Amino acid sequence: MTITKFGHACVRITDGDRALVIDPGGFTAAESVEGADAVLITHVHFDHFTMEHLRATDAPIFTIAEVAQQIAQESPAVRERVTVVGPGQSFDAAGFQVNAVGELHAPVHADAPVFYNCGYVVRGEEIVYHPGDSFTPPDHQVDVLLLPISGPWLKLGEIIDFARAVKAPTALAIHETLASDVGLSIIDSRLGEMLAPYGSAYRRIEPGEDL
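Residues numbered from 1 in each chain as written. Predicted model: local features only at pLDDT ≥ 70, side-chain atom pairs only at ≥ 80, totals over all residues. Heavy atoms only, no water.

1. Observations concerning helix H4 (residues 156–166)
Those residues of H4 not exposed but buried are Ile159, Ile160, Phe162, Ala163 and Val166. Along the long axis of H4, the arc covered by the buried residues comes to 165°, so they all point the same way. Residues of H4 that are exposed and point more than 90 degrees away from the buried face comprise Asp161 and Ala165. Structurally, H4 contributes buried residues whose contacts are with strand S10 (127–130), strand S11 (144–148) and helix H5 (181–195). (Buried < 20%, exposed > 50% of the residue type's maximum accessible area, 1.4 Å probe, protein only. Helix = DSSP H or I, 4+ residues; strand = E, 2+ residues; numbered from the N terminus. Arc of directions from axis to C-beta. Contact = heavy atoms within 4.5 Å.)

Written out as structure tokens, the structure is:
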């Protein structure tokens, strides 16, 4: 099983001849969806999905109702490939067994709109959790946590507490585009130091690299 990191929040999970892509958004190269057998979208924000990328693949799409509504407005043809999923639901996506986790995007501010969000636990040779933009814990123990490390809804202490609570052997950084190189070096150092005693190895890889 291979996890390929693409720009920002996007990863491709490959297991044998199956490929599942999660959150090919606006900070992600179009090549992320090449060869995809299924696409998962966590929520409606542009850094997690764009119509350009969804039009570039014929793969079935699994996402929440809020995203499906926006897709229908922009492209009825693409909407025909969408299956709406919700919290607690289990489904098959290109041969991967997936559990939908959680319902809400992490709050940015009390005065900001509330958005829906769905994390995904993906089962293959290993179990991988993509939380989208949330700190909702997975419904099962996972091998790899895709860990958001930068964004307007994040602070370092919450990232640390979330990763410690999940206790995945590997915490792979995602959602890092808004951080500067200096900021990333500080984040990497702190997460590495503070997760290791809790049995979680922190890693950050470049777009196009594999775990």
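Next comes the rest of the write-up.
2. Examining unusual backbone geometry
Unlike most non-glycine residues, Asp23 shows phi in positive territory, near 55°. Position of Asp23 relative to the elements: it lies in the loop between strand S3 (18–22) and strand S4 (38–40). Take Asp23: its relative accessible area is 0%, and that puts it in the buried class. Even without being glycine, His175 reaches a positive phi, approximately 60°. On the secondary structure map, His175 appears in the loop between strand S12 (170–174) and H5. His175 sits in the buried class, given a relative accessible area of 2%.

3. Re the packing of aromatic side chains
Within this structure, the stated rule accounts for 5 aromatic pairs. Ring centres of Phe27 and Phe46 lie 5.2 Å apart, and the angle between their planes is 75°; this geometry places the pair in the edge-to-face category. Remark: Phe46 occurs in the loop between S4 and helix H1 (51–55) and Phe27 occurs in the loop between S3 and S4; sequence separation between them is 19 residues. Where Phe91 meets Tyr120, the ring centres are 6.3 Å apart and the plane angle is 90°; that geometry is what we call edge-to-face. You can see Phe91 sitting in strand S7 (residues 90–93) and its partner Tyr120 sitting in strand S9 (residues 119–123), a full 29 residues away along the chain. Tyr120 matches Phe91 in its accessibility class, with the two residues each being buried. Above the face of the Phe96 ring, Arg18 is positioned so that its terminal group lies 4.4 Å from the ring centre. (Phe/Tyr/Trp six-rings, centres within 6.5 Å; stacked < 30°, edge-to-face > 60°. Lys NZ or Arg CZ within 6 Å of the ring centre and 35° of its normal.)

4. Here's the deal with the pairing of S7
Here S7 shows a clear split, with Phe91 and Ala93 buried on one side and none of Ser90 and Asp92 buried on the other. Pairing analysis gives 4 bridges linking S7 to strand S8 (residues 96–101), with the strands arranged antiparallel. By the bridge assignment, Asp92 is partnered in S8 with Gln97. Count of turn residues in the S7/S8 antiparallel hairpin: 2 residues, of which Ala94 carries a positive phi of about 55°. (Pairing = 2+ DSSP bridges.)

5. Observations regarding the nonpolar core
If you look at the biggest cluster of nonpolar residues, it comprises 42 residues, and the most contacted ones within it are Leu40, Leu54, Phe91 and Val122. Within the second largest apolar cluster, 24 residues are counted, among which are Val101, Val121, Tyr129 and Ile187. (Core = buried A, V, L, I, M, F, W, Y, C linked by side-chain atoms within 4.5 Å.)

6. Digging into the sheet that holds S7
Pairing is mixed across the open sheet formed by 7 strands, whose spatial order is S7-S8-S9-S10-S11-S12-S13. Pairing within the sheet leaves two strands with one partner each, and these edge strands are S7 and strand S13 (201–203). Strand after strand, the sheet turns through a mean of 25° between neighbouring axes, direction not considered. Two elements, S12 and S13, share 3 bridges in a ladder whose sense is parallel. The residue of S13 that forms the bridge with Leu172 is Arg203. (Axes fitted to C-alpha atoms, helices over the stretch in contact; angles between N-to-C directions.)

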